[in-house]
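A structural walkthrough
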Amino acid sequence: MSWLLDRLNSSIGKKIIMAVTGLSLMLFLVIHLINNLLLFAGPEIFNRNVEQLESIKPLIRIVEIILLAIFVLHIYNALKLYFENKKAKPLKYAIDASSQNSTFYSRYMTVTGIIILVFLILHLSTFWKSFNFDAHNLNVQFPFYTIVQDAFANPIITIFYFVVMIILGIHLNHAFQSAFQTFGLRHTKYTSLIEKFGTLIAIIMTVGFASIPVFFYIASLGGK
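These notes cover the structure that comes with them. (Residues numbered from 1 in each chain as written. Predicted model: local features only at pLDDT ≥ 70, side-chain atom pairs only at ≥ 80, totals over all residues. Heavy atoms only, no water.)

1. Notes on the overall build of the protein
Tallying secondary structure elements over the protein gives 10 helices and zero strands in all. Ordered by position from N to C terminus, the α and β elements of the protein give α-α-α-α-α-α-α-α-α-α. Evaluated residue by residue, the protein yields a buried proportion of 30% over its 224 residues. Considering only contacts within the protein whose residues lie at least 6 apart along the sequence, 78% involve residues at least 24 apart. For the protein, the exposed surface amounts to about 14100 Å²; the carbon and sulfur share of it is 71%. (Helix = DSSP H or I, 4+ residues; strand = E, 2+ residues; numbered from the N terminus. Buried < 20%, exposed > 50% of the residue type's maximum accessible area, 1.4 Å probe, protein only. Contact = heavy atoms within 4.5 Å. Areas by Shrake-Rupley, 256 points an atom, 1.4 Å probe, with all protein chains shown as cover.)

Have a look at this one:
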């Protein structure tokens with residue numbers, strides 16, 4: 001057991017944890033996006049989908065706890081690796097390395113990660129809270145759909161979500177490629193394919209999530 005803990009606490013161990021948790025979170029985002037895109041199918045279908053999820057709430061709560069643990073592991077190891085790298089490299093070397101041996105995406109992974117974390121906290125304190133506690137008190141036909149509709153009628157919220165989704169795409173683009181590198185799967189034969197596939201996923205996630213606030217804000221303008 002101590003050998004395993006030592007391995008997990010090593011630099012490569014932390015990177016493996018980052019890769020596994022990162023890919024797990026990406027899988028969750030894909031599922032989350034598919035559910036959110038049902039908003040375009042109309043209020044009745046979206047509300048029915050949320051109500052079906054409500055019917056298995058105990059299972060959803062277990063999944064949320066697992067997701068929280070994955071998030072915590074991912075963030076904890078990301079910060080540990082960041083500070084260990086900062087401590088291990090002299091300032092001049094770090095500057096040279098960042099400018100010569102890294103991409104724009106890798107240099108700003110910590111920054112984009114922190115922005116996404118702040119966004120997540122705000123997202124949970126608004127939409128998650130509203131869906132779980134406020135929706136049942138709304139005297140409207142489609143409460144879950146209405147919550148989203150009313151939120152994105154606000155231009156500030158819409159712009160904020162739109163910008164963060166672009167930042168999420170930047171983060172995912174490097175994260176996907178970095179995970180495969182950690183697993184030792186980068187090779188001249190298929191590195192280019194992995195990079196293109198990672199970029200494609202990042203674009204799909206960005207466009208998919210960002211289209212929702214834009215759609216509802218434009219729709220709100222038509223209703224005024």
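That was the structure; now back to the text.
2. A look at the packing of aromatic side chains
This structure, assessed with the given rule, holds 14 aromatic pairs. Note on phenylalanine 127 and tyrosine 161: the rings are 5.8 Å apart at their centroids and 85 degrees apart in plane angle, and the pair reads as edge-to-face. Of this pair, phenylalanine 127 sits in helix H7 (residues 109-134) while tyrosine 161 sits in helix H9 (residues 155-182), and the two are 34 residues apart along the sequence. Each member of the pair, phenylalanine 127 as well as tyrosine 161, carries the same accessibility label: buried. When the ring of phenylalanine 176 is compared with that of phenylalanine 180, the centres are 4.8 Å apart and the planes differ by 50 degrees; the resulting orientation is tilted. Of the two residues, phenylalanine 176 and phenylalanine 180 are both situated in helix H9; the distance of four residues between them amounts to about one turn of the helix. Using a relative accessible area of 7% as the deciding quantity, one classes phenylalanine 176 as buried. What links up through ring pairs into an aromatic cluster is the set Phe119, Phe127, Phe152, Phe160 and Tyr161. (Phe/Tyr/Trp six-rings, centres within 6.5 Å; stacked < 30°, edge-to-face > 60°.)

3. Comments concerning the pattern of salt bridges
Scanning the model with the defined rule gives four salt bridges in all. Arginine 48 is paired through a salt bridge with glutamate 44; the nearest N and O atoms lie 3.3 Å apart. Placement of the pair is arginine 48 and glutamate 44 together in helix H3 (residues 43-54), with a separation of four residues, close to one helical turn. Relative accessible area serves as the criterion here: at 49%, glutamate 44 is assigned to the partly exposed category. Among the ionic pairs, glutamate 64 bridges to arginine 61, the shortest N-O distance being 2.7 Å. Highlighted residues: glutamate 64 and arginine 61, both in helix H4 (residues 57-88), separated by three residues, approximately one helical turn. (Salt bridge = Lys/Arg side-chain N within 4 Å of Asp/Glu carboxyl O.)

4. Re the nonpolar core
Membership of the largest hydrophobic core comes to 32 residues, with the highest contact counts inside it found for Phe127 and Phe131. The element that contributes the greatest number of residues to this core is helix H10 (residues 191-222), accounting for eight residues. (Core = buried A, V, L, I, M, F, W, Y, C linked by side-chain atoms within 4.5 Å.)

5. A short note on the packing of helix H2 (residues 11-36) against H9
Helix packing geometry: the angle between the two helix axes and the distance between the axes. At their nearest, the axes of H2 and H9 sit 9 Å apart, and the two run at 130 degrees to each other. Here H9 runs oblique to H2, going by the angle between their axes. Two packed elements cross with a definite hand, and for H2 against H9 that hand is left-handed. In contact with Lys15, Ile16, Ala19, Leu23, Met26 and Leu29 of H2, H9 contributes Leu168, Leu172, Phe176, Ala179 and Thr182. For the contact of H2 with H9, the class distribution of residues is nine nonpolar, one polar and one charged. (Axes fitted to C-alpha atoms, helices over the stretch in contact; angles between N-to-C directions. Parallel < 35°, antiparallel > 145°, perpendicular 65-115°, else oblique. Left-handed = near helix turned anticlockwise from the far one by under 90°. Nonpolar A, V, L, I, M, F, W, Y, C, P; charged D, E, K, R; others polar.)

6. Some thoughts on H10
Compared with the 46 Å implied by 1.5 Å per residue over 32 residues, the 46 Å span of H10 between its first and last C-alpha is a close match. At serine 211, H10 shows its strongest bend, of approximately 30 degrees, with the proline proline 213 following within four residues. (Expected span 1.5 Å × (residues − 1). Bend = angle between axes of the 7 residues up to and from the residue.)

7. So, a nonpolar patch on the surface
Judged by side-chain polarity, Ile12, Ile16, Val20, Phe183, Leu185, Tyr190 and Leu193 come together as a nonpolar surface patch covering roughly 600 Å² of accessible area. A total of three residues in the nonpolar patch trace back to one element, the largest contributor, which is H2. (Patch = residues over 30% accessible without salt bridge, like charges linked within 9 Å, V, L, I, M, F, W, Y side chains within 5 Å.)

8. Focus: helix H8 (residues 143-151)
Given 3.6 residues to a turn, an α-helix orients residues that are three or four positions apart in the same direction. For H8, a buried count of seven out of nine residues is recorded, marking the element as mostly surrounded by other parts of the structure. Those residues of H8 lying buried are Pro143, Phe144, Tyr145, Thr146, Ile147, Val148 and Ala151. Next to the buried residues of H8 lie H3, H7, H9 and H10.

9. Concerning the environment of threonine 21
As for its placement among the helices and strands, threonine 21 is situated in helix H2. The class for threonine 21 is buried, based on a relative accessible area of 6%. For the pair formed by threonine 21 and phenylalanine 71, sequence separation is 50 residues and the distance between their alpha carbons is 7.4 Å. What threonine 21 contacts, discounting residues up to four positions off in sequence, is Ile70, Leu73 and His74. Here isoleucine 17 takes part through its backbone oxygen, which lies 2.7 Å from a polar atom of the side chain of threonine 21. (Polar contact = N/O pair within 3.5 Å; in protein donor to acceptor, adjacent residues only side chain to side chain.)

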